[in-house]
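Now for the letters of each chain:
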Amino acid sequence: MGHHEAVEILLDHNADVDLADGDGRTALSVTALCVPTAAGVKGYGEVASLLLERGADPGHRDHDGMTPLLLAAYEGNDDVVELLLEAGADVDETAGPDGNVPAAAAVTPLLAAAAMGHMKTVSRLLFWGAAVDAIDCEGRTALCLAAARGSVEVVRSLRGADTDTAKLTESSWLPAACL
């Protein structure tokens, strides 16, 4: 992906914007998976924008229950995250066939971005009102995941966003589930 003109030509010739591959991923999902800095290739935001303009479903779930927003959050593709949120994606959606996942697979876009240390994406999700207190299957918050990764900037950002956590003393700020 990343080739706006090629995608536009295909769509102009009636390509199905939501056609899924063998993994259940659409072009929008694949675009969300593309790391913006890989090999200097850019333009994923332009491709995502085009796909959304042509009716791509921002809430489509692949066979693993992953949406384009969850995939973009994992990859730190914050331009695509913004476009998906503007298109109506749920900032607090979870993985799973219908968004109702077993506890073993619980993840939100904020948890995904924090776990991977993607500061810009975390900031964008917080701006859109992502729930800071969401927990994964092991009871960890985004703050726990960022701390475990050693992402100091993300930890600072999340501490400022979480009023309960921000009130804790420096020596006791890490919740027990993180230890």
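Keep in mind that what you see is a predicted model, and the values were worked out from it rather than measured.

## Some thoughts on helix H7 (residues 119–127)
Argument step 1. The set of residues buried in H7 consists of Thr121, Val122, Leu125 and Leu126. When H7 is viewed along its axis, its buried side chains cluster within an angular range of 135° and face the same direction. What points out from H7, more than 90 degrees from its buried face, is the exposed set Lys120 and Phe127.
Argument step 2. In the core, the buried residues of H7 are packed alongside helix H4 (68–75), helix H5 (78–86), helix H6 (109–116) and helix H9 (152–161).
Argument step 3. Positive backbone phi, at 90°, marks Gly129, one or two positions downstream of H7.

## Side note on the pattern of salt bridges
Argument step 1. With the rule as written, the count across this model stands at seven salt bridges.
Argument step 2. Taking the shortest distance from any N to any O, the salt bridge between Glu8 and Arg54 comes out at 4.0 Å. On the criterion of sequence distance, the pair formed by Glu8 in helix H1 (residues 4–12) and Arg54 in the loop between helix H3 (44–53) and H4 is long-range, its members being 46 residues apart.
Argument step 3. On the basis of relative accessibility, which here comes to 29%, the residue Glu8 falls in the partly exposed class.
Argument step 4. The class for Arg54 is partly exposed, based on a relative accessible area of 33%.
Argument step 5. In this structure, Arg140 engages Glu138 in a salt bridge whose closest nitrogen and oxygen atoms are separated by 3.7 Å.

## A word on the layout of surface pockets
Rolled over the atoms, a probe as big as a water molecule pinpoints where empty space is left.
Argument step 1. In this structure, the second largest pocket encloses a volume near 180 Å³.
Argument step 2. Elements supplying a minimum of two residues to the lining of the second largest pocket: H1 and helix H2 (27–33).
Argument step 3. Counted by class, the lining of the second largest pocket contains ten nonpolar, one polar and three charged residues.

## Observations concerning the environment of Pro109
Argument step 1. Position of Pro109 among the secondary structure elements: in helix H6.
Argument step 2. Residue classification places Pro109 among the buried residues on the basis of a relative accessible area of 0%.
Argument step 3. Linking Pro109 and Thr94, residues 15 residues apart in sequence, is a C-alpha distance of 7.5 Å.
Argument step 4. Beyond its immediate sequence surroundings of up to four residues, Pro109 is in contact with Leu69, Leu70, Ala73, Val91, Asp92, Glu93 and Leu125.

## Examining the confidence of the model for the protein chain
Low pLDDT marks regions whose predicted coordinates should not be analysed in detail.
Argument step 1. Residues with a pLDDT of 70 or more make up 79% of the protein chain, whose mean pLDDT is 84.
Argument step 2. Overall, residues 165–173 carries pLDDT values under 50, and its contacts beyond four positions in sequence, including any with other chains, amount to eleven contacts.

## A word on the environment of Asp12
Argument step 1. Along the chain, Asp12 falls in helix H1.
Argument step 2. As for Asp12 and Arg54, which are separated by 42 residues in sequence, their C-alpha atoms are 9.6 Å apart.
Argument step 3. A polar contact of 2.8 Å, which involves the side chain of Asp12, links it to the side chain of Arg54.

## Details of the packing of H5 against H7
Argument step 1. Between H5 and H7, the least distance of the axes is 9 Å, while the angle of their chain directions is 15°. Judged by the angle between their axes, H5 and H7 are roughly parallel. Of the two elements, H5 crosses H7, and the hand of that crossing is right-handed. Across from Asp78, Asp79, Val81, Glu82 and Leu85 in H5, the residues of H7 making contact are Lys120, Thr121, Arg124 and Leu125.

About the thresholds
- What you see as residue numbers is a count from 1 along each chain, following the sequence as written.
- This being a predicted model, a pLDDT of at least 70 is required before a residue's local features are given, and a value of 80 or more before pairs of side-chain atoms are given or counted; all residues contribute to the totals for chains, interfaces and linings.
- To obtain the side-chain values, all non-hydrogen atoms of the structure were included, while hydrogens and water were left out.
- Note on classification: 1.4 Å probe, protein chains only; a residue is buried when its accessible area is under 20% of the maximum for its type, exposed when over 50%, partly exposed between these limits.
- Numbering of helices and strands starts at the N terminus; helices are DSSP runs of H or I of at least 4 residues and strands are runs of E of at least 2.
- An arc is given here, and it is the one of the directions from the helix axis to the C-beta atoms.
- Residues count as neighbours in contact if any of their non-hydrogen atoms are within 4.5 Å of one another.
- Salt bridge, as used here, is a side-chain nitrogen of Lys or Arg placed within 4 Å of a carboxyl oxygen of Asp or Glu.
- Detection works on a 1 Å grid of protein atoms alone, calling trapped sets that fit a 1.4 Å probe cavities and calling open sets with protein on both sides within 12 Å along at least five of seven lines pockets, with lining residues defined by an atom within 4 Å of a point.
- Grid points are joined across faces, edges and corners, and a volume is the space filled by probe spheres set on the points.
- Amino acids are sorted into nonpolar (Ala, Val, Leu, Ile, Met, Phe, Trp, Tyr, Cys and Pro), charged (Asp, Glu, Lys and Arg) and polar (every other residue, Gly among them).
- Across the chain, each position has a pLDDT score giving the predictor's confidence in that residue, from 0 to 100.
- Pairing of N or O atoms within 3.5 Å defines a polar contact, subject to two protein rules: one partner must be a possible hydrogen donor and the other a possible acceptor, and residues neighboring in sequence count only if both atoms are side-chain atoms.
- To obtain each axis, a line is fitted to C-alpha atoms, and for helices this fit is confined to the stretch in contact; angles are then taken between N-to-C directions over 0 to 180 degrees.
- Any angle from 65 to 115 degrees is called roughly perpendicular, while one under 35 is roughly parallel, one over 145 is roughly antiparallel, and all others are oblique.
- Whether a crossing is left-handed or right-handed is set by the direction in which the near helix is turned from the far one by less than a right angle, anticlockwise for left-handed and clockwise for right-handed.

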